[in-house]
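Survey of secondary and tertiary structure
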Amino acid sequence: MVSHRVAGRKFGRKTKHRIAMKRNLVSSLIEHGRITTTLTKAKEYRPHAEKVISLGRVKTLHNVRLAARVLTTKGVVKKLFDEVGPRFRDRPGGYTRIRKLARPRVNDCSPRAILELVDYIPQRKEAKEPEKKK
């Protein structure tokens, strides 16, 4: 089988499923700043995320519409253009990083990775104090 000039992985899924998976992964990355997925998915969808973030650097009607084709909700589009894009305005590229995790996935031993924005800072969850009973 010759695979010259054939780009992209299929992941054993139909076309519509692959497109939906791409939209969900990129939207989750923009929304949360970091996602844990398999290494091959991270490598495959990193360029797609970078292109969407590049659109978010300059807010024009055309860029908003192009980004809305990929992202799943209006809230994520708003976050892209109001928070994520302006943070990377002076950066010429390389908005994401892939960090490999030591332990593979439990059920099929697939190598896992973290796909995150370069300037991601984890938010600490504040512990709630237990309420005292009267």
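Per-chain numbering applies: the sequence of each chain, read as written, is numbered from 1 onward. Restriction of local features to residues with pLDDT of at least 70 applies here, the model being predicted, together with a cutoff of 80 or more for giving and counting side-chain atom pairs; totals for whole chains, interfaces and linings are based on all residues. Side-chain metrics rest on all non-hydrogen atoms present in the structure, leaving aside hydrogens and water.

1. Section: the packing of aromatic side chains
Pairing of aromatic side chains here covers Phe, Tyr and the six-membered ring of Trp, requires ring centres within 6.5 Å, and sorts the geometry by plane angle: under 30 degrees stacked, over 60 edge-to-face, intermediate tilted. Summed over all chains, the structure comprises 2 aromatic pairs. Relative to Tyr-95, the ring of Phe-88 lies with its centre 5.2 Å away and its plane at 55°, an arrangement referred to as tilted. Remark: exposure states derive from per-residue accessible area (1.4 Å probe, protein chains only) relative to the maximum for the residue type, with buried under 20%, exposed over 50%, and partly exposed in between. Exposure remark for Phe-88: the relative accessible area of 3% places this residue in the buried category.

2. Quick look at the nonpolar core
Among buried residues, the Ala, Val, Leu, Ile, Met, Phe, Trp, Tyr and Cys ones that are joined through side-chain atoms within 4.5 Å form a nonpolar core. Ile-30, Ile-53, Leu-71, Leu-80 and Val-84 are the most contacted members of the largest nonpolar core, which totals 26 residues. Elements represented by at least two residues in this core include exactly α1 (15-32), α2 (39-56), α3 (61-70), α4 (74-87) and β3 (112-117). Whether two residues touch is decided by their heavy atoms; if any such pair falls within 4.5 Å, the residues are in contact. Beyond its immediate chain neighbours, meaning those up to four positions away, Ile-53 contacts Ile-30, Leu-80, Val-84, Phe-88, Tyr-95, Thr-96 and Leu-117. Helix and strand definitions follow DSSP, with helices as H or I runs of at least four residues and strands as E runs of at least two, each counted in order from the N terminus.

3. Some details on the packing of α1 against α4
When two helices pack together, their arrangement is given by the angle between their axes and by how far apart the axes lie. What counts as an axis is a line fitted to C-alpha atoms, over the stretch in contact for a helix, and the angles between N-to-C directions run from 0 to 180 degrees. Two elements in contact, α1 and α4, have axes whose closest approach is 9 Å; the angle formed by their N-to-C orientations is 45°. If you check the angle between α1 and α4, you find them oblique. For the crossing formed where α1 meets α4, the hand is left-handed. Two secondary-structure elements touch here, α1 through Ser-27, Ile-30 and Glu-31 and α4 through Val-76, Lys-79, Leu-80 and Val-84. Along the lines of polarity and charge, the residues of the contact of α1 with α4 split into 4 nonpolar, 1 polar and 2 charged. Throughout this description, any angle smaller than 35 degrees is read as roughly parallel, any larger than 145 degrees as roughly antiparallel, any in the 65 to 115 degree range as roughly perpendicular, and the remainder as oblique. Two helices crossing with the near one rotated counterclockwise from the far one by less than a right angle form a left-handed crossing, whereas a clockwise rotation gives a right-handed crossing. In the scheme used here, Gly and all other residues not listed as nonpolar or charged are polar, with Ala, Val, Leu, Ile, Met, Phe, Trp, Tyr, Cys and Pro taken as nonpolar and Asp, Glu, Lys and Arg as charged.

These figures come from the coordinates and say nothing about function on their own.
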